[in-house]
Amino acid sequence: MLLRSIVSFLCAVGFYASVFMLRKSIRAKHGEVKGPSVVKSPRAKLFAGLPNALFGILYYVGVVAVSWLAHARIFFILAELAALFAAGTSAYLAHSLLFVTKKECPYCWTAHAVNWSLALVLPWLV
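Since this is a predicted model, take the numbers as computed values, not measurements.

A.B. asks: Break down unusual backbone geometry for me, citing the residues and quoting the values.
C.D. replies: One non-glycine residue, A48, lies in positive phi territory at about 60 degrees. Note on placement: A48 falls in the loop between helix 1 (2-29) and helix 2 (52-69). Looking at A48, the relative accessible area reads 74%, which means it is exposed.

A.B. asks: Explain the state of the cysteines to me, and be specific about the residues and the numbers.
C.D. replies: Tallied over the full model, the rule gives 1 disulfide. Covalent S-S linkage joins C105 and C108, the inter-sulfur distance amounting to 2.2 Å. Because the sign of the S-S torsion sets the handedness, a value of about 70 degrees for the bond joining C105 and C108 places this disulfide among the right-handed ones. Each member of the pair C105 and C108 is classed as buried. Between C11, a cysteine without a disulfide, and C108, which holds the nearest cysteine sulfur, the sulfur-to-sulfur distance is 18 Å.

A.B. asks: Lay out the nonpolar core with the relevant residues and their values.
C.D. replies: Counting 21 residues, the largest nonpolar core has V7, C11, Y59, Y60, V63, L118 and L122 as its most contacted members. Breaking this core down by element, the ones donating at least two residues are helix 1, helix 2, helix 3 (73-100) and helix 4 (106-121). Sequence-distant contacts of L122, that is, excluding residues within four places in its chain, are made with V7, V63, A79, E80 and A83.

A.B. asks: Outline the packing of aromatic side chains, supporting the account with residue identities and numerical values.
C.D. replies: Tallied over the entire structure, the rule returns 5 aromatic pairs. On the basis of an interplanar angle of 85 degrees and a centroid distance of 6.1 Å, the ring pair of F47 and F55 is categorised as edge-to-face. On the accessibility criterion, F47 (32% relative accessible area) is partly exposed. Taken together, a centroid distance of 5.6 Å and an interplanar angle of 45 degrees make the contact between F47 and F85 tilted. You can see F47 sitting in the loop between helix 1 and helix 2 and its partner F85 sitting in helix 3, a full 38 residues away along the chain.

Thresholds, definitions, all that
Residues numbered from 1 in each chain as written. Predicted model: local features only at pLDDT ≥ 70, side-chain atom pairs only at ≥ 80, totals over all residues. Heavy atoms only, no water. Helix = DSSP H or I, 4+ residues; strand = E, 2+ residues; numbered from the N terminus. Buried < 20%, exposed > 50% of the residue type's maximum accessible area, 1.4 Å probe, protein only. Disulfide = S-S within 2.5 Å. Core = buried A, V, L, I, M, F, W, Y, C linked by side-chain atoms within 4.5 Å. Contact = heavy atoms within 4.5 Å. Phe/Tyr/Trp six-rings, centres within 6.5 Å; stacked < 30°, edge-to-face > 60°.

Here's what the structure looks like:
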């Protein structure tokens, strides 16, 4: 129960950061974000031309659902594989923030920390 609560808390934090960044990317698409921003970078849409934040929202909802509703071990294994993929993607994006775009993004770093934490916590649910 404690681990599920920790996972839920982490997912809630990641969900909030993702919703914020998705709204910002929509505003940027409509020209409402002035100046440079990470949401204007090609790295903000790594997969299928969709905002990374959209995948984050779906990921966090999925992880919470699996952690509370799934009973078959395969779902936990799939959630852990998704967490490892998310952690790897976060490592790539963190590198980009530090060395390529060199932009500050506290919401990005929050989501990265959540992703790395979930990759460490989820194996304990299996």
